[in-house]
Amino acid sequence: MDLNGTWKLNDFAPGDGLQAGAPAPGYDDSNWTPVSVPGDVHTALIAAGRIDDPFYSTNETACAWIEEREWWYRTTFTVEELAPDMVERLIFYGLDTFAVVYLNGELLGEHVNMFRAAVFDVTGRIQYGEPNTLAVRFDPPLQRVADKPDVPGAWGRNFERVWMRKAQFGYGWDWGPRLPTVGIWREVELQRCRYARIASVQFRTEVLDLEENRALVAVRVEVERLAGDLEPVYARVILTPRGASTGDTTRAVHAETVKIYAKRVTLRMEIKYPDVWWTHDLGKPACYDLSVRLHDENEDNTLDLYETRVGIRTIELDQSPDTDEPGTRFFRFVLNGVPIFAKGANWIPAHSFVGAIDEAHYRMLLECARDANMNMLRIWGGGIYEKPDFYNLCDRLGILVWQDFMFACAPYPEDDDFTAEVEAEARDVALRLRNHPCLALWCGNNENQWIDEIRNWQSPRPVPGARFYHEVLPAVVAELDPTRPYWPGSPYGGSDYDSMDDGDRHNWCVWHGNQDERRRFGEPPSWDHSPAGVSFLRYADDLGRFISEFGMHAAPVMETLRRNIPPDGLSYHSAEMDHRNKDNPKNKGDNLMLNCTGLPEDLAQYIDFSMISQAEGLKFGVEHFRRRKPHCSGTLIWQLNDCWPGLSWSLLDFYGFGKAGYYYARRFYAPVIASFREEADGSVALWLINDSVEEIEDKITVRLARFDGAVHFEKTLPVTIGANRAAQVYRVPADKLAGARGPATYLGVASAGKYFPANRHFFVPIKDLERPAPKLDVDIEQTGAHAYNVVVAADVYAFFVKIETPYARTHFEDNYFDIEPGGKRAVRVYNDEEPLTAADIKVSCL
C-alpha cells in the first residue's frame, strides 16, 4: 500500500511536539502545512509561503532557523483486515535524518540514517476498517550530535556533519549553500506478506564469450521465512529481452521454476547469442527484464514478486604494470573484455532539496551527459546514493557509474555504534544497486586519505574512518557484490595518494594551485596561486593514470542570474554575485582569466570570459590526457551539474543551461578526435585518438591560415588509425611555421569522412589573438513546432559563436563554436517542452 502523497507538517521547539500530543490519533492538525511525500520541509514551506525561495538573492541565510526546530509529519490511512497468516511491515525508504516513528500514538522506533531504509514490523498494531494515524518526528540534527566527542585531529568543512549519516553537502560546500534538508525524502509503503518473502535477488554474469556468442549468468534468490516452518517454496524465474511483456515466456530466453527448501537458491542459465550491455559509445546498452515470483505448492498463490532490469556484461579494473612507462600501473576499466577510456564527469546532487529531484530532471541531465559523449559519471561521496530513477536511466542510456560511499573531505568517527550503522548502510546500498549493469565500481570515500596525509605529513597516521575504507566496506562488497571492483578512496594509490604513477588522481594544480605532481609521502605540500601556478597549461605536466577530478569555474548564462539576483545586484563581484560563489577567495578565477582572456570589465564580459577560460582549459587538458591513451585511461571533469543556481565548476547549470564548456565537451569527448601539440623543436604534432572498436581510414586536411582568410599552408593526406588507440599521424614542420605562426594565425584540421569534429590550434592566448571583427550573417528558418534551422556565416574567423534562448530545455545541435573565414554553419535548434520562437534565438560571437 502506497503511503505517499500529501501529509501534514508542523514545527515545534525541540521537545514540545511530544508534550503537545502530536503523535496522538485525536490531535488536531487541521492548521498544519501540507507537505508532499516524498519531499522535504523547505519545499513545503516555500509552497505554503512561509519562507521565500532560498535560491533567490541571499534568502539562504534567512532559512537557518529551520535547522533548529523539531519537525513533525502526520497522515492517516485505512486498510482492510489482515489474513491470519500474514505479516505487515511499514517501510520508509528515506528518512532525513534523526527520526522517531509513531503509529496510533505508540512508539514504533527510531532511525538515524538518511541513506538506508527504515523497516518496522507493525503486525498486530494496525486498526482495520478505521483510520490509522502515522506520525514522524524529526529532531534537530545538530542537537542530536551535540554531545559527540571530537574526532582526533579533526578537520574539514562544517565538521559537525561527520557524526551524521546524512548528505554531507547540506551543511555547505565550496559550490553549494548551507540548506540541510529534513523530512521524508523517499517513498513510504505498507507491505503485507504471507508465509515467506523475497529478501534479495542477485543477477550476475559469470562467463561472457563474445567469440562463441554465449553467456553464463546466475540468479541467486534469498528468501525470508515469516511463518517459522521450512516447508518448501518455489521461485519462478523468467529472463526476457527488454521490451517484451513482463513474464512473457514466449519471448523469454530462460524460464524455470526452482524449489527452495531453506533460505536461498542459485539458478544458472546459459544464454546463446546474448544481447550484451555496452556503453552507448561502443554499442547498444541492451537490457533484460528479470522476474522472480515466489509461490507455494499452488502456483497461483503468489507470495512475493521481484522485477528489475538487468544487463549481461562484465566489468574489470585493470591495474597491471604499464611496461611502456616503468614503475607505473594502469588504472583502466575493461568492459566485456574491451579496455575503455572513461570520458565523463563528477555528479553532485541535482538539487539542494534532494526529495524534489524527479525522473524528468534526472533524465534531462543524463541525456545531456550522453549527448556529450560521456560514458561514465562518478557519484561524489558528499551527496546521496541517488534515487532508483538515476540508475535506471544510466542502465538505459549506457552510462557507467563510479559509486562513492558517502564520506567526503573529513576524518570520521570509528566507535562501534557508528561502525555498525555504516555497515548496515553499506549492506542496504549494495543490495539495492548491485543488479544495475551501469554500476562499475565501489569507492570508499572522497579525498579523506589524501587530505589527512597532507595535513599530517610530518606525523602520518591512518585517517580516522580508515576502518570503513579498508575493512568494513570492502568486506561488504566482497560478500554481496564480488563481481565489481572496490577502491579505497579517490584519489588513492602510489607513493602519494594523488600519485601520477598508480591509481586515480585529482588534479587541483589548476584552479586551487596544488603543487603535487611529483610529491611523495613525507614531503611537505606546497601551493602556487599565481597566474602561472593555476594556468591550465599545467595539465600538460600531468602524467596521471586516471584523472577523476579536475576543472575550473565558469559563470552560468545571464538568464540564470536574472532569475535569481535582483536587478541592482547584477554586476561583476557585487555582494549578490559573490554570495553565489561559495569558493574563497571570491576572485580566485581572476588568475585563470588573466592567463586566457584578460579580466572582464562588466558582468556580460565576465560570463563570456569565465566560460571561455573554463572551456579552453578543459579542452587543453582532455586533449592532453586522451593523447596519453592507454597510459591515461580516464578523465572525469569536476563537475557535471549544480544543486542550485550558483557560480561553480559545473558544465550544466542548475536549470540545465549548458555553459560553453559543455558544448566543448561534446566535441573533445567525441569517440574520435584530432588534436595538436606544440613540440620543443618548433614543430606541431597532429594526433588522432580513436576510442571506437573499428579501424578508421580517412583523409584529413591541415591548414595554416590567417584569421582574415589568407592561407599560408594546406596539406591533405590519408591517415589510418587503429581501433582503440591514440597515435601521432602528422607533424607540421617548424620551417612551414616559421614567420607565420603568431597572434594572427591558427592551425586547423578537418576530416573528409566526418569521423571527428574539426579542430584548431592557436599559437597565443585568446586575449592576444589579432582577429578582425567578424560580420555574422544569420538566417533562421522554422522547420517544425518550436524547431528551427539556424544558419550562421562569417566573412572572417568568428570565435565563440553562441546561440542563446531564454529556455533551459532548448536543444542545440552545436553551440559555442568557431567558423573559419568564409565558412558557414547550420545548427538545428528545437524545444519540445517550451514555446520557443524565432525571436527568442539570439546569435553572437566574441
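Each remark here, short or long, concerns the structure printed above.
As the structure is a prediction and not an experimental result, all values here were calculated from the model.

**Q** Please set out the environment of tyrosine 234 residue by residue, giving values where relevant.
**A** Structurally, tyrosine 234 can be placed in strand E16 (residues 233–241). Look at tyrosine 234 and you get buried, because its relative accessible area is 13%. Along the chain, tyrosine 234 and leucine 303 lie 69 residues apart, while their C-alpha atoms are 9.5 Å from each other. Ignoring anything within four residues of it in the chain, the contact list for tyrosine 234 reads Thr257, Val258, Lys259, Arg293, Leu294, His295, Asp296 and Glu297. Side-chain polar atoms of tyrosine 234 contact the side chain of glutamate 297, separated by 3.1 Å.

**Q** Now, about the pattern of salt bridges: what can you tell me, with residues and values included?
**A** For the structure on display, the rule yields 64 salt bridges. The shortest N-O distance in the salt bridge between arginine 268 and glutamate 206 comes to 2.9 Å. Linking arginine 268 in strand E18 (residues 264–272) with glutamate 206 in strand E14 (residues 196–209), this pair joins segments that are 62 residues apart in sequence. Note that arginine 484 is salt-bridged to aspartate 481, the shortest N-O span being 2.8 Å. A relative accessible area of 7% means that arginine 484 is categorised as buried. Salt bridges sharing partners connect three or more residues here, namely Asp281, Lys343, Arg626, Lys629 and Asp691.

**Q** Got a sec to walk through unusual backbone geometry? Specific residues and values, please.
**A** With an omega dihedral of 0 degrees, the bond running from serine 490 to proline 491 counts as a cis peptide bond. Counting through the fold element by element, proline 491 comes out in the loop between strand E28 (486–487) and strand E29 (505–506). The amide bond that connects asparagine 584 to the next residue, proline 585, takes the cis arrangement and shows omega of -5 degrees. By the secondary structure assignment, proline 585 is in the loop between helix H10 (575–580) and helix H11 (588–596). Phi at asparagine 373 is positive, roughly 65 degrees, even though this residue is not glycine. Along the polypeptide, asparagine 373 turns up in the loop between helix H4 (359–371) and strand E25 (376–379). The phi dihedral of glutamate 447 falls on the positive side, at around 65 degrees, and the residue is not glycine. When you line up the elements, glutamate 447 lands in the loop between strand E27 (439–443) and helix H7 (448–455).

**Q** An account of the packing of aromatic side chains is needed here, citing residue identities and associated values.
**A** Taken as a whole, this structure holds 58 aromatic pairs when the rule is applied. Here the aromatic rings of phenylalanine 418 and phenylalanine 468 are separated by 6.0 Å at their centres, their planes lie at 40 degrees, and the arrangement is tilted. Pair noted here: phenylalanine 418 is in helix H6 (residues 416–433) and phenylalanine 468 is in helix H8 (residues 466–480), with a separation of 50 residues, a long-range link. With a relative accessible area of 7%, phenylalanine 418 lands in the buried category. Ring centres 5.4 Å apart and planes at 20 degrees place the aromatic pair phenylalanine 707 and tyrosine 746 in the stacked group. Separated by 39 residues along the polypeptide, phenylalanine 707 in the loop between strand E34 (696–706) and strand E35 (711–721) and tyrosine 746 in strand E37 (residues 745–751) bring together distant segments of the chain. Owing to a relative accessible area of 1%, phenylalanine 707 belongs among the buried residues under this scheme. Using a relative accessible area of 1% as the deciding quantity, one classes tyrosine 746 as buried. Taken together, the aromatic side chains of Tyr662, Tyr663, Phe707, Tyr746, Phe762, Tyr797, Phe799, Phe800, Phe812 and Tyr816 make up a single cluster linked through ring pairs. Across the ring face of phenylalanine 330, the terminal group of arginine 332 is positioned such that the distance to the ring centre comes to 4.0 Å.

**Q** Explain the pairing of strand E40 (residues 787–794) to me, and be specific about the residues and the numbers.
**A** In terms of burial, E40 is largely enclosed, as seven of its eight residues are buried. Here strand E39 (residues 776–784) runs beside E40; their pairing, made up of eight bridges, is antiparallel. Looking at the pairing, glutamine 782 lines up with tyrosine 788 of E40. Between E39 and the antiparallel strand that follows it, E40, lie two residues; histidine 786 among them carries a positive phi value of about 60 degrees. With seven bridges connecting them, E40 and strand E44 (residues 824–830) associate as antiparallel partners. Looking at E44, one finds that alanine 793 is bridged to lysine 824.

**Q** Help me get a handle on the sheet that holds strand E45 (residues 842–844), residues and values and all.
**A** Reading across from one edge, E43-E41-E45 is the order of the three strands in this open sheet, with antiparallel pairing throughout. With one partner strand each, in any of the chains shown, strand E43 (817–819) and E45 form the two edges of the open sheet. When the angles between neighbouring strand axes are averaged without regard to direction, this sheet yields 30 degrees. Pairing between strand E41 (residues 798–804) and E43: two bridges, direction antiparallel.

**Q** I'd like a rundown of the state of the cysteines, residues and numbers included.
**A** Taken as a whole, this structure holds zero disulfides when the rule is applied. The thiol of cysteine 443 is not disulfide-bonded; the next cysteine sulfur, from cysteine 409, is found 12 Å away. In this structure cysteine 643 is not part of a disulfide, and its nearest cysteine sulfur, from cysteine 63, lies 14 Å away.

**Q** Outline the packing of helix H12 (residues 603–627) against helix H13 (residues 660–668), listing residues and values.
**A** At a minimum axis distance of 8 Å, the contact between H12 and H13 shows a crossing angle of 25 degrees. Judged by the angle between their axes, H12 and H13 are roughly parallel. The handedness of the crossing between H12 and H13 is right-handed. Residues Met611, Gln614, Ala615, Glu616, Leu618, Lys619, Val622 and Arg626 of H12 pack against Ala660, Gly661, Tyr664 and Phe668 of H13.

Rules used in this analysis
- Residues numbered from 1 in each chain as written.
- Predicted model: local features only at pLDDT ≥ 70, side-chain atom pairs only at ≥ 80, totals over all residues.
- Heavy atoms only, no water.
- Helix = DSSP H or I, 4+ residues; strand = E, 2+ residues; numbered from the N terminus.
- Buried < 20%, exposed > 50% of the residue type's maximum accessible area, 1.4 Å probe, protein only.
- Contact = heavy atoms within 4.5 Å.
- Polar contact = N/O pair within 3.5 Å; in protein donor to acceptor, adjacent residues only side chain to side chain.
- Salt bridge = Lys/Arg side-chain N within 4 Å of Asp/Glu carboxyl O.
- Phe/Tyr/Trp six-rings, centres within 6.5 Å; stacked < 30°, edge-to-face > 60°.
- Lys NZ or Arg CZ within 6 Å of the ring centre and 35° of its normal.
- Pairing = 2+ DSSP bridges.
- Axes fitted to C-alpha atoms, helices over the stretch in contact; angles between N-to-C directions.
- Disulfide = S-S within 2.5 Å.
- Parallel < 35°, antiparallel > 145°, perpendicular 65-115°, else oblique.
- Left-handed = near helix turned anticlockwise from the far one by under 90°.

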